[in-house]
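Report on the structure
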Amino acid sequence: MNPEQNVTAEIIECCAEIEKLCDQTRCPIKPAACKEDYYEIVSKKGKCCDEYFCAPPKDKCIVTINGTTTLKNLGDIWNSVDPCSKYSCDYGSEGITEVTTIKEYCTNSCNNGYQLKPVLGQCCGECVQKTSVVDKDYNNYEEHPCKRDCVAGSPPKLCKYKFIVEWYETLSKACYNCPSNATDCSRPHCITGDGTRKSVLVINRMMPGPTINVCFGDKIIVDLQNNLLGETTSIHWHGMHQRRTPYMDGVPFVSQCPISQKQTFRYNFYADKAGTHFYHSHTGVQRGDGSLGALIVRLPRSEDVHAKLYDHDEPKHLMVLQDWTTVTGISMFNAFHHSNGDNKPQNILINGKGRWWKAAQVNNVLHKQTNPRSLNDLLQNKRSPESHETYLNETKLMPLQVFTVVENKRYRLRLVNAEFLNCPMEISVDNHTMTVIASDGSDIKPVEVETLVTYAGERFDFVIAANQKPGNYWIRVKGLMDCDARSNSAHQVAILRYNGTVEEEPLDVPNYEYQRLGRQLNALNRGVEDSTTISITETNSAHQDPKNGVLKDEADIKFFIAYDFYAKNNTKFYIPGLYGFNEVLKSSQRKSSPQLNHISMKLLSYPLMTARNLIDDSLFCNSSTFVNQGIDCRADFCHCPHVLQVKLNAVVEMVLIDEGYTYDSNHPFHLHGNDFHVIGMEKLNGTASIERVKEMDKNGELYRRLKGSPIKDTVTVPHGGYTIIRFKANNPGYWLFHCHIEFHAEIGMALVVKVGEHSDMLSVPRNLPTC
């Protein structure tokens, strides 16, 4: 017998035995029901019979919690006894549902000055301030490991910070005997301002808040804890494009939900744009009350195109400028829009410090008045003449910011304009020139000037050469527009002090009338038409033009965006028939509305970026949608989710037009998620209606610079003129574009640029909070 025949015979014999066995087997009867109502009857093919048994239903897990048996759906997560673990109903290795354990990952490390405290029911505990001492690191992160010299080739760091935002007070109990005792003014948590006692909304009881110093490529994690009383908040990282983390941009109802009281939100993003930047609240007018700070991203010196121009780039050579009011931002906002209040800053601060230099002038006037209290009230310093004398003596002692330099060394200074009202600022340094090398984090070819004008949201880097006779020199900041001599003549000084010289102030008393002659960069309400100043458009990028086509002859899509203040029945401030715009008796109380293309921005009740599954394009509007509906927004008040939609990777051009009919004003605009080339800027004679500018464009009369144009993310538009910007729309998402004057943005002077389709946008993290 061959082997194949032998195998076949064995198989036949085995099968016969099985059939004989099955004939003798009684198959089980299918049960009528399972004992537990959450089980179901399933069958499994056996050798001779179908086998029946009760099993958990598919896509569900049976669990017992606190003695009670229940069902969990596939994907459900619930707590375990261990705070560091959670349970989840998932598919097992054989495709059936089973309960798995999820472990929480904790670093269990705290910044210097903090210690880890266990919290009942929490896995990781929380970092709390050490109780033995008040460590200075809690206030300024001086010893933070990410604050370091950046070295080429070094791996990036994970940089963690804890921010606590809360209402606080200037000259609080933490200041002890400041300003009488100058040392007390430097105590932790002592916010001096200009000596005016007022409420401030600040981070870690500092103003400005802690400076974040990191290297390019570092990952930044900020846990923002909202300790406000019934208010929401958020933080925008001004200058960070969030290309890998678009949901961390910090704009409520665009990129995230606002952060509620007593809640902590973790911002988690990459420092992928080198330069001088800052962070600030993007909720209401909170920035004006002090919720802001600097964000500096450094490069290794070997990668800095301007490294040969300076000897020192030190964290202490940072200037953060603020316009300053004697009341809170929301009080001023309400008084201005609903009653007789104004929107004029009283003063300017440099790094949260300053003096009210007008106090001496006011004091002279007070002694000549028969009713001095009324003048005090007018200046919003509600003091009796006697208490005013005390205030006058105090303000003379308020500390000023001092920048120390060494003779014959060159220093890179970083300037942040964090103002919230319409107060452009002119900066100069007595006896010294400034070599401007960067704006908004982008390098420009060096420009030597005597004065520099900066607008809300702008940043500039400039080099000061300590080449004068050693001594003390004023750094002067002079307010323009709503800060000029027509209102409060707001101005402030800091001191440039040569090391080793006597610690004293320059002899001359600062005054608003001081004028520094010479070259000026970024002048107010001037463009390329003015040969006496240097327009920002006339600066040159320090890098080669990009090869992405952004500076080609014609953009893929062009938007004309005109704006002004319009006499409208803005429903936030007027009720037609009761007190409509034209029904208000006092003309001073008729406040016009700043709008883009006659539309006020009205956001949805959920974030565009993270809740995009709820959105369809019919929810959006622009000037065309109203025309199609037969609505004339020039006559009527129009407000809606104003969205401009562009295809991914399109070259977008915006022609920003200040029509110049109302007020002699000025507006700086900021684009989130992208920087842009500034390719044109001009102030026209008379007004600049959108029809006129379109006709000029048609005739080739608009100035465009398509080679070497500077790169920025915030830019001004001359009154009665235009500014042209270009960018490549290569960062998919929803990005805010708005006037950076807080009062204007808050009442709708904004729109959103939608880049790409929803399918182009990055997925949203599962644990991101919803509204």
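Structure: above.
In this report, we go over the structure that sits alongside the text. (Residues numbered from 1 in each chain as written. Predicted model: local features only at pLDDT ≥ 70, side-chain atom pairs only at ≥ 80, totals over all residues. Heavy atoms only, no water.)

This part is about the overall build of the chain. Each helix and strand in the chain was counted, giving nine helices and 42 strands. By residue count, 54% of the 771 residues in the chain fall in the buried class. Pairs at least 24 apart in sequence give 73% of the contacts found in the chain among residues at least 6 apart. Just so you have it, the chain exposes about 35400 Å², and 49% of that area is on carbon and sulfur atoms. (Helix = DSSP H or I, 4+ residues; strand = E, 2+ residues; numbered from the N terminus. Buried < 20%, exposed > 50% of the residue type's maximum accessible area, 1.4 Å probe, protein only. Contact = heavy atoms within 4.5 Å. Areas by Shrake-Rupley, 256 points an atom, 1.4 Å probe, with all protein chains shown as cover.)

Here we come to helix 3 (residues 329–338). Within helix 3, the full set of buried residues consists of G329, M332, F333, F336 and H337. Buried residues of helix 3, viewed axially, fall in a sector of 110 degrees; they line one side. The inward-facing, buried residues of helix 3 contact helix 9 (742–746). (Arc of directions from axis to C-beta.)

Moving on, we come to empty space enclosed by the protein. This model, assessed by the stated rule, comprises three cavities of 30 Å³ or more. Roughly 110 Å³ of internal volume is contained in the largest cavity. Taken together, E426, S428, R476, V477, K478, H491, Q492, V493, P510, N511, Y512 and Y514 make up the lining of the largest cavity. Taken together, the residues of the lining of the largest cavity sort by class into five nonpolar, four polar and three charged. Taken as a whole, the second largest cavity holds about 40 Å³ of empty space. Taken together, Q346, N347, W356, W357, K358, N488, S489, A490 and H491 make up the full set of residues lining the second largest cavity. A class-by-class count of the residues in the lining of the second largest cavity yields three nonpolar, five polar and one charged. (1 Å grid on protein atoms, 1.4 Å probe; cavity = no way out; pocket = protein on both sides within 12 Å on 5 of 7 lines; lining within 4 Å. Points joined across faces, edges and corners; volume = space filled by probe spheres on them. Nonpolar A, V, L, I, M, F, W, Y, C, P; charged D, E, K, R; others polar.)

Let us look at the packing of aromatic side chains. Applying the stated criterion across every chain yields a total of 17 aromatic pairs. For the pair F163 and Y279, a centre-to-centre distance of 5.2 Å together with 40 degrees between the ring planes defines the contact as tilted. Of this pair, F163 sits in strand 10 (residues 158–169) while Y279 sits in strand 16 (residues 275–281), placing them 116 residues apart in sequence. When its relative accessible area of 0% is taken as the criterion, Y279 is described as buried. Ring centres of F620 and Y734 lie 6.0 Å apart, and the angle between their planes is 70 degrees; on these two criteria the pair is classed as edge-to-face. Placement of F620 in the loop between strand 32 (600–601) and helix 7 (623–628) and of Y734 in strand 41 (residues 733–739) is noted, with a sequence separation of 114 residues between them. The class for F620 is buried, based on a relative accessible area of 7%. (Phe/Tyr/Trp six-rings, centres within 6.5 Å; stacked < 30°, edge-to-face > 60°.)

All right, on to the state of the cysteines then. Counted according to the given criterion, the structure contains nine disulfides. Covalent S-S linkage joins C146 and C159, the inter-sulfur distance amounting to 2.1 Å. What sets the handedness of the C146 and C159 disulfide is the S-S torsion sign, and at about -100 degrees it is left-handed. In this pair, C146 sits in the loop between helix 2 (137–140) and strand 10 while C159 sits in strand 10, placing the two residues 13 residues apart along the sequence. Assessed through its relative accessible area of 0%, C159 is described here as buried. (Disulfide = S-S within 2.5 Å.)

This part covers unusual backbone geometry. Following C178, the chain continues to P179 via a peptide bond in cis, the omega torsion being 10 degrees. Along the chain, the position of P179 falls in the loop between strand 10 and strand 11 (199–203). Cis peptide bonds are those with omega within 30 degrees of zero, and the linkage from M207 to P208 qualifies with -5 degrees. Residue placement: P208 occurs in the loop between strand 11 and strand 12 (212–215). With a phi angle near 55 degrees, N204 is a residue other than glycine that sits in the positive phi range. Locating N204 in the fold gives a position in the loop between strand 11 and strand 12.

With that out of the way, let us pick up the sheet that holds strand 10. Taken in spatial order, the four strands of this open sheet run 11-10-13-15, and their pairing is mixed. Taken across any chain shown, the strands that pair with only one partner, and hence form the sheet edges, are strand 11 and strand 15 (264–270). If you compare each strand with its neighbour and ignore which way they point, the axes differ by 20 degrees on average. Bridge count for strand 13 (residues 219–226) against strand 15 is seven bridges, and the pairing is antiparallel. Across the sheet, the residue bridging to Q225 is T264, located in strand 15. (Pairing = 2+ DSSP bridges. Axes fitted to C-alpha atoms, helices over the stretch in contact; angles between N-to-C directions.)

Moving on, we come to the nonpolar core. Formed by 76 residues in total, the largest nonpolar core has its most connected members in M319, F462, I561, M654, F669, Y734 and F737. Residues Y161, I235, Y279 and V297 belong to the second largest nonpolar core, which totals 29 residues. (Core = buried A, V, L, I, M, F, W, Y, C linked by side-chain atoms within 4.5 Å.)

Every buried residue of helix 8 (residues 690–698) is listed here: I690, V693, M696 and D697. Down the axis, helix 8 shows its buried residues gathered within 125 degrees of arc, on one side only. Where the residues of helix 8 are buried, they touch strand 30 (557–566) and strand 35 (651–658). G700, located one to two residues past helix 8, shows a positive phi value of around 75 degrees.

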